[in-house]
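This is what each chain is made of:
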Amino acid sequence: MEKFKTWARVKSPWILHFNSGACNGCDIEILATLMPHYDLERFGVLLKASPRHADILVCSGPVTKQIAKRLRRIYDQMPEPKFVVAVGACACSGGAFRGCYNVMEGIDQVIPVSAYIPGCPIRPEAIIDGLAKLLGSLQQKTA
Amino acid sequence: MDLSILLSPPVAFLICLALCAGIYGLGHLVEEKGVPVEGKYEPYACGESYKAEKLHFGYRKFYIAAIFFTIMHVAVLTIATVPGGAGAYRALIYLGTMAASISFIFMEFE
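Predicted model, so just to flag it, every value in this text is computed and none were measured.

Asker: Help me understand the overall build of chain B in this model?
Answerer: Counting secondary structure elements, chain B contains 3 helices and 0 strands. Along chain B, helices and strands appear, N-terminal first, in the series α-α-α. Taken over 110 residues, chain B has a buried fraction of 1%.

Asker: Is there a simple way to explain the sheet that holds strand E5 (residues 115-117) of chain A in this structure?
Answerer: Within a sheet, neighbouring strands are paired by backbone hydrogen bonds and run either parallel or antiparallel to one another. Residue and element names in this part refer to chain A. With parallel pairing, the 5 strands of this open sheet are ordered in space as E2-E1-E3-E4-E5. Because the sheet does not close on itself, it has two edges, and the strands there are strand E2 (46-47) and E5. Judged from the 5 bridges that link them, strand E3 (residues 56-60) and strand E4 (residues 83-87) form a sheet pairing that is parallel. Note on E4: the bridge partner recorded for Ser60 is Val87. Sheet strands in contact with helix H2 (residues 25-34) are strand E1 (14-19), E2, E3 and E4, and its direction is about 140° off that of E3.

Asker: I would appreciate a short explanation of the confidence of the model for chain B in the present structure.
Answerer: The predicted coordinates of low-pLDDT regions are not to be read in fine detail. Residue and element names in this part refer to chain B. Model confidence for chain B is summarised by a mean pLDDT of 83, while 97% of its residues fall at 70 or above. The secondary-structure element of chain B with the lowest mean pLDDT is helix H3 (residues 90-109), recorded at 81, while helix H1 (residues 9-30) shows the highest, at 92. Here the prediction assigns the complex a pTM of 0.70, and the interface score ipTM is 0.70.

Asker: Just to check I follow, could you spell out unusual backbone geometry for this structure?
Answerer: Backbone geometry follows two general trends: most residues other than glycine have a negative phi, and most peptide bonds adopt the trans configuration. Residue and element names in this part refer to chain A. Here Glu80 and Pro81 are connected by a cis peptide whose omega angle stands at -10°. Residue position: Pro81 is located in the loop between helix H3 (68-77) and E4. Put simply, Cys120 and Pro121 share a cis peptide bond, and its omega is -15°. Relative to the helices and strands, Pro121 is located in the loop between E5 and helix H5 (124-142). For Asn24, which is not glycine, the phi dihedral falls at a positive 90°. Taking the number of C-beta atoms within 10 Å as the measure of exposure, Asn24 has 12 and is therefore exposed. Despite not being glycine, Val63 has its phi angle at roughly 70°, a positive value. If you trace the backbone, Val63 turns up in the loop between E3 and H3.

Here is what the cut-offs are and how they apply
- Residues numbered from 1 in each chain as written.
- Chains lettered and ligands numbered in written order.
- Predicted model: local features only at pLDDT ≥ 70, side-chain atom pairs only at ≥ 80, totals over all residues.
- Helix = DSSP H or I, 4+ residues; strand = E, 2+ residues; numbered from the N terminus.
- Buried ≥ 20, exposed ≤ 12 C-beta atoms within 10 Å, placed from the backbone.
- Pairing = 2+ DSSP bridges.
- Contact = placed C-beta atoms within 7 Å.
- Axes fitted to C-alpha atoms, helices over the stretch in contact; angles between N-to-C directions.
- pLDDT = per-residue confidence, 0-100.

Shown next as structure tokens:
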């Protein structure tokens, strides 16, 4: 049964995109990744509008102190098992905003992160590669 | 044995209900049990606390439009079917009555 569940999850991971204070550079690249030119959907990845339907939280931005609680709640509202992908240098470590008085310096300061994909702004190819590696690691765990 | 009873609406409904309950139960069996945390089952509002509000749908403006169109349709039908001849001027009286009715409606609702 576990193999079947992993197979279903890996073949059709649904994602939720959340901007936790990014400059929008990474968000534009995430959207480009989902559009037909890069077509992330060929891996079964589908963008959802609610955390209740999402397996993976794709998060950009350094996490402002104002949005930290909201990010935590969205993470809590996702069903188990859930994974978080930090997209961009800011999401990984604070990036250009590191040290600012109003940011948390990375997603992992608030919620556990499954994969880090650095870049400023990040390239769509890198997002695809990062997600493919995350899905590959999920598959290997049950193999 | 007559199997056509399976296609009768009550039986088909019960079969579908049992099937749905089975799928729901299977989903419940295979789901990952998460840790209950605060806010997990609250309405999704982009991470914010959602303040419940009572909504009251108003049909007031709809009724104005609905009655207006009803009267206008009847008026158009009446005028279109008025017999010709010397008595046709009586349609003007009817139109006047219609105009007064519509005016009263708008006066009342405004």
